[in-house]
Amino acid sequence: MTLTRRMLAEGFGTFWLVFGGCGSAVLGAGFPIAGIGIADVSFAFGLTVLTMAYAIGHISGCHLNPAVTLGLTVARRFPARDLPGYVVAQLLGAVAGSAVLYGIASGTAGFQLSSGFAANGFGEHSPGGYSLGACFLAELVLTFFFLFVILGATDKRAPAGFAPIPIGFALCLVHLIGIPLTNVSVNPARSTGPALFVGDWAIAQLWLFWLAPLSAAALAGLTYPLLFGSPATPAVKTVPAPETGTVAANA
């Protein structure tokens, strides 16, 4: 599969993640009669990844997230030469998803960008008023474990065909924990799209939602193979040899 086609898949997938996940928060959570809550928004984010993983996973790997691409690169599961192209595609998809969401959400008289537009924030812009330090730590821990689940679920030694399920549920759990803290990023592209439309404070605080996820992803990419080995490295087993007794052979 060419890099161009894989980038196209990443763009479509990230569009779906931002439009579906942030859309559930902007459109569904704000509905005055039967609005959805934190649990529903969390499942929406998980479902975007779950559904898109089955749709484009066989094409691009369905990263949808610069942090995921970086973590897989550090873990030597993804070629470093393709990382910039994937990140560009993810950012374009996130901005396009935010643009379409803005076009829909602004179609009602009560819409205001000042309400946040699902942008990520800390301090006074944290939903629960959490400090910069608390939000940075939360994004660091949540991204690390999200990447850890991805690395484990996509390990060649794991059961085949089931990876999208634990990954989708992991993202759901991440949002259940983190929405009151930062609205949850764990994804610099997801943070950048809405921030460009909100502007002002959202742009000023965007650095945290790049630095924390990317740092945690790189750490996970180093930690998982260090603890559990790399699936790309064949295991060594001992097999009988006709004359010398035993020899080491690649599994």
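Reference entry: report on the structure contained in this document. (Residues numbered from 1 in each chain as written. Predicted model: local features only at pLDDT ≥ 70, side-chain atom pairs only at ≥ 80, totals over all residues. Heavy atoms only, no water.)

1. Section: unusual backbone geometry
How we decide: Under the DSSP-based scheme used, a helix requires at least four consecutive residues in state H or I and a strand at least two consecutive residues in state E, with every element numbered from the N terminus. Note on classification: 1.4 Å probe, protein chains only; a residue is buried when its accessible area is under 20% of the maximum for its type, exposed when over 50%, partly exposed between these limits.
Phi angles above zero are rare outside glycine, and Leu64 is one such case at about 60 degrees. You can see Leu64 is positioned in the loop between helix 2 (38-60) and helix 3 (66-74). With relative accessibility at 1%, the residue Leu64 sits in the buried group. A positive phi angle, near 65 degrees, is found at Ala118, a position not held by glycine. With respect to the helices and strands, the residue Ala118 is situated in the loop between helix 4 (83-105) and helix 5 (132-153). Note on Ala118: relative accessible area 14%, which makes it buried.

2. Focus on the packing of aromatic side chains
Quick reminder of the rule: Aromatic pairs are defined between Phe, Tyr and Trp rings, using the six-membered ring for Trp, whenever the two ring centres lie within 6.5 Å; interplanar angles under 30 degrees are classed as stacked, those over 60 as edge-to-face, and all others as tilted.
Evaluation of the coordinates by the stated rule reveals 13 aromatic pairs. Here Phe117 and Phe197 contribute two aromatic rings whose centre-to-centre distance is 6.1 Å and whose plane-to-plane angle is 55 degrees, an arrangement assigned as tilted. Here Phe197 lies in helix 7 (residues 188-198) and Phe117 lies in the loop between helix 4 and helix 5, a separation of 80 residues in the sequence. Its relative accessible area of 3% is what places Phe117 among the buried residues. Measuring from ring centre to ring centre gives 6.0 Å for Phe148 and Phe228, while their planes differ by 70 degrees; the resulting arrangement is edge-to-face. One end of the pair, Phe148, is in helix 5; the other, Phe228, is in helix 9 (residues 208-228), and 80 residues separate them in sequence. The class for Phe148 is partly exposed, based on a relative accessible area of 21%. Ring pairing ties together the aromatic residues Phe144, Phe145, Phe148, Tyr224 and Phe228, which thus form one cluster.

3. Considering the pattern of salt bridges
Applicable threshold: Each reported salt bridge corresponds to a side-chain nitrogen of Lys or Arg within 4 Å of a carboxyl oxygen of Asp or Glu.
What the rule picks out here adds up to two salt bridges. With its nearest N and O atoms 3.1 Å apart, the salt bridge here joins Arg6 to Asp82. Linking Arg6 in helix 1 (residues 3-28) with Asp82 in the loop between helix 3 and helix 4, this pair joins segments that are 76 residues apart in sequence. With respect to burial, Arg6 and Asp82 carry one shared label: buried. Note that Asp155 is salt-bridged to Arg157, the shortest N-O span being 2.6 Å. Look at Asp155 and you get buried, because its relative accessible area is 5%.

4. Remarks on the packing of helix 3 against helix 4
Convention followed: Axis definition: a line fit to C-alpha positions, over the contact stretch in the case of helices; interaxial angles, taken between N-to-C directions, run 0 to 180 degrees. With respect to orientation, any angle under 35 degrees is reported as roughly parallel, any angle over 145 as roughly antiparallel, any angle of 65 to 115 as roughly perpendicular, and every other angle as oblique. Here a crossing is taken to be left-handed if its near helix is turned anticlockwise relative to the far helix by less than a right angle, and right-handed if that turn runs clockwise. Any two residues whose heavy atoms approach within 4.5 Å are treated as being in contact. Residues are grouped as follows: Ala, Val, Leu, Ile, Met, Phe, Trp, Tyr, Cys and Pro are nonpolar; Asp, Glu, Lys and Arg are charged; all remaining types, including Gly, are polar.
The contact between helix 3 and helix 4 brings their axes to 9 Å, and the two run at 165 degrees. Our classification of the angle between helix 3 and helix 4 gives roughly antiparallel. The chirality of how helix 3 crosses helix 4 is right-handed. Counting all contacts with helix 3, which are made through Pro66, Thr69, Leu70 and Thr73, the residues of helix 4 involved are Leu83, Tyr86, Val87 and Gln90. The residue inventory of the contact of helix 3 with helix 4, partitioned by class, reads five nonpolar, three polar and no charged.

5. Notes on helix 5
Defined as follows: Every helix has an expected span of 1.5 Å times one less than the residues it contains.
Between its first and last C-alpha atoms helix 5 spans 31 Å; for 22 residues at 1.5 Å apiece the expected length is 32 Å, and the two agree. Considered for burial, the residues of helix 5 that qualify are Cys135, Ala138, Glu139, Leu142, Thr143, Phe144, Phe146, Leu147, Ile150, Leu151 and Ala153. Considering only its buried residues, helix 5 is in contact with helix 3, helix 6 (164-182) and helix 9.

6. Quick word on the environment of Ala25
Its location among the elements puts Ala25 in helix 1. Judged by its relative accessible area of 26%, Ala25 falls in the partly exposed class. Measuring from C-alpha to C-alpha, the distance between Ala25 and Ala44 comes to 8.9 Å, with 19 residues separating the pair along the chain.

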